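# Commentary on secondary and tertiary structure
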Amino acid sequence: MTPELAKKLENAGFPQNNAKGGRYLPTLSDIMRACGTCLFSLRHTPDNKWIATGRFTTKESKIPYYESAPYDEPDIAVAELFLAMKLNESKEGPPRK
């Protein structure tokens, strides 16, 4: 997790738990938890990369399925999924009841 990616997560509304005088660098499990039911899978490819996939479950979703680019680190793949989820939410507006 780089400070630049942590800043993008913060700007997208990622919870800033345990920040101690600096930028909070979330763990893989923190990011997975924040994705909630959106996270569908995290897989390791034969070429030693990580890809996160997710489903956006609202009926109004313009992007029902998302797959991250392949990354060397799993936390970065899941972070990309979190950012895509937040971008999708902002384009759809608040969830309907």
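Summarised in this report is the structure supplied together with it. These figures come from a predicted structure and were not determined experimentally.

## Description of the overall build of the protein
Looking only at helices and strands, the protein has three helices and three strands in total. Helices and strands in the protein line up, N terminus first, as α-α-β-β-β-α. Among the 97 residues that make up the protein, the fraction classed as buried is 30%. The contacts of the protein with a sequence gap of at least 6 include a subset with a gap of at least 24, amounting to 41%. A total accessible area of about 6400 Å² is found for the protein, and carbon and sulfur atoms account for 55% of it.

## With respect to the packing of aromatic side chains
A full pass over the atoms with the stated rule returns two aromatic pairs. Summarising the aromatic geometry, the rings of Phe-14 and Tyr-24 are spaced 6.4 Å apart at their centres and angled 25 degrees between planes, so their arrangement reads as stacked. With Phe-14 in the loop between helix H1 (3-11) and helix H2 (28-35) and Tyr-24 in the loop between H1 and H2, this pair connects stretches of sequence that are ten residues apart. Across the pair, Tyr-24 and Phe-14 agree in class, each one buried. A ring pair is formed by Phe-14 and Phe-82, whose centres lie 5.2 Å apart and whose planes are at 80 degrees; its orientation type is edge-to-face. In this pair, Phe-14 sits in the loop between H1 and H2 while Phe-82 sits in helix H3 (residues 74-92), placing the two residues 68 residues apart along the sequence. The same class applies to Phe-14 and to Phe-82, which are both buried. Ring pairs connect the aromatic residues Phe-14, Tyr-24 and Phe-82, which therefore count as one cluster.

## Some details on unusual backbone geometry
Apart from glycine, the bulk of residues carry a negative phi angle, and the bulk of peptide bonds sit in the trans form. At Asn-48, a position not held by glycine, the phi torsion is positive, near 70 degrees. Tracing the chain through its elements places Asn-48 in the loop between strand E1 (39-44) and strand E2 (50-55).

Rules behind the numbers
Residues numbered from 1 in each chain as written. Predicted model: local features only at pLDDT ≥ 70, side-chain atom pairs only at ≥ 80, totals over all residues. Heavy atoms only, no water. Helix = DSSP H or I, 4+ residues; strand = E, 2+ residues; numbered from the N terminus. Buried < 20%, exposed > 50% of the residue type's maximum accessible area, 1.4 Å probe, protein only. Contact = heavy atoms within 4.5 Å. Areas by Shrake-Rupley, 256 points an atom, 1.4 Å probe, with all protein chains shown as cover. Phe/Tyr/Trp six-rings, centres within 6.5 Å; stacked < 30°, edge-to-face > 60°.

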